[in-house]
Amino acid sequence: MWDQKWVIGNWKMNGQLQYNNALVHKLRTLEVQDKVCIGITPPTVYLSQVHNAVQIVINNPIHTCAQDVSRFGGSGAYTGEVSAEMLKDVGVDIVLIGHSERSLYFNEKNDVQRHKIENVLKVGLTPLLCVGESLKEREDGREKEAVAYQLSVFKGLKTKHFAVAYEPVWAIGTGKVATTEQIVDMHAFIYHEILSLVGEGAKIRVLYGGSVNAANAAEIFSVPHVDGALVGGASLTYDSFTAIIKAAQQA
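Scoring rules and cut-offs
- Residues numbered from 1 in each chain as written.
- Predicted model: local features only at pLDDT ≥ 70, side-chain atom pairs only at ≥ 80, totals over all residues.
- Heavy atoms only, no water.
- Phe/Tyr/Trp six-rings, centres within 6.5 Å; stacked < 30°, edge-to-face > 60°.
- Lys NZ or Arg CZ within 6 Å of the ring centre and 35° of its normal.
- Helix = DSSP H or I, 4+ residues; strand = E, 2+ residues; numbered from the N terminus.
- Buried < 20%, exposed > 50% of the residue type's maximum accessible area, 1.4 Å probe, protein only.
- Disulfide = S-S within 2.5 Å.
- UniProt positions renumbered as here; feature names shortened; annotations may be inferred.
- Contact = heavy atoms within 4.5 Å.
- Pairing = 2+ DSSP bridges.
- Axes fitted to C-alpha atoms, helices over the stretch in contact; angles between N-to-C directions.
- Right-handed = clockwise from strand over helix to strand, strands pointing away.

(A) Structural view of the packing of aromatic side chains. For the structure on display, the rule yields four aromatic pairs. Its guanidinium or amino end placed over the ring of phenylalanine 106, arginine 102 lies 3.9 Å from that ring's centre, counting from NZ or CZ.

Structural data, given as structure tokens:
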């Protein structure tokens, strides 16, 4: 897993029982892609459905991932919340933390994300931290400052495994993709910044996200320090998602 390319499909607020079954059934029969760590991130209500379906895998292990987790640990009077313990109980392996849509619509900041990461690590799951700058921050030349601040939640964590998805906010769902030069520069910066926070010897995966699709995946995977992709809309159809997986296999 930590030496493979990651291709994680984030369904966001999409999916229904019948559609999910059809898509996962087809994914289960995809020919062997042994260089790729494949993950599916459905809405919370479909986690058990997806987890149960991917247990019957013919060729490739498929990880069940969660889109979010509560900042509160254990159990308690937190109506509407889902704890890390609950996610583990239904078979989740990887949890997205700090997606820009959580920051945009729910005003989540570093302190909340830190609590979530700690809760996920405590139960033995893998947090996947999402970072990225806004268009204004990019235009003002403050993109690295913004990303460094977001990465600072890693400082002092008791783990040597760090997974990050770099998603420039201006490229999410817009059809825009960062240039090769921008991706090279930011992914190298993220690697260096993580090492400066946690010390040498860390296992690091840095994924690119932001309008990744079948047409641009191969070029993106060829970029140094791009260890995979966090895929949005293109993960909702079999042909586009598997094309991205195959591009990662061949990278």
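(B) Representation of the environment of asparagine 21. Residue placement: asparagine 21 occurs in helix H1 (residues 17-28). Residue asparagine 21 is classed as partly exposed on the basis of its relative accessible area, which comes to 43%. Along the backbone, asparagine 21 and valine 123 are 102 residues apart, and their C-alpha atoms lie at a distance of 28 Å.

(C) Representation of the state of the cysteines in the model. Evaluation of the coordinates by the stated rule reveals zero disulfides. Summary of cysteine pairing: cysteine 37 is not part of a disulfide, and the nearest cysteine sulfur, belonging to cysteine 65, is at 7.3 Å. The exposure class assigned to cysteine 37 is buried, which follows from its relative accessible area of 1%. Unpaired in terms of disulfides, cysteine 130 finds its nearest cysteine sulfur in cysteine 65, a separation of 11 Å.

(D) Region of interest: the UniProt feature "active site" (unreviewed entry) in the chain. The UniProt record marks His99 and Glu167 with the feature "active site" (unreviewed entry), using the residue numbering of this structure. Taken along the chain, the residues just named run across 69 residues; in space they keep tight, none of their C-alpha pairs more than 8.6 Å apart. Residue position: histidine 99 is located in the loop between strand S4 (94-97) and helix H4 (100-106). For histidine 99, the contacting residues outside a window of four places in its chain are Asn10, Lys12, Cys130, Glu167 and Ile172. Checked against the element boundaries, glutamate 167 lands in the loop between strand S6 (161-166) and helix H8 (180-198). With residues up to four places along the chain from it excluded, the contact list for glutamate 167 reads His99, Cys130, Val131, Gly132, Ile172, Gly209, Gly210 and Leu230.

(E) Representation of the sheet that holds strand S2 (residues 36-41) within the structure. Strand order in the closed barrel made by the eight strands is S1-S2-S3-S4-S5-S6-S7-S8, with parallel pairing throughout. Between one strand axis and the next, the sheet turns through 25 degrees on average, direction left out of account. Strand direction decides the pairing type here: strand S3 (residues 62-66) and S4, joined by two bridges, are parallel. Looking at S4, one finds that cysteine 65 is bridged to isoleucine 94. Where H8 meets the sheet, its contacts fall on strand S5 (126-131), S6 and strand S7 (203-209), and the angle it forms with S7 comes to roughly 150 degrees.

(F) Representation of the pairing of strand S1 (residues 5-10) in the model. Summarising burial for S1: six of the six residues are buried, a large majority. Taking every second residue as pointing to the same face, both faces of S1 are buried, with Lys5, Val7 and Gly9 on one and Trp6, Ile8 and Asn10 on the other. Inspection of the sheet shows S1 paired to S2 by six bridges, in the parallel sense. Its bridge partner being in S2, isoleucine 8 is matched across the sheet by glycine 39. Handedness of the crossover joining S1 and S2 through H1 is recorded here as right-handed. In this structure, S1 lies alongside strand S8 (residues 228-231), joined through four bridges in parallel fashion.

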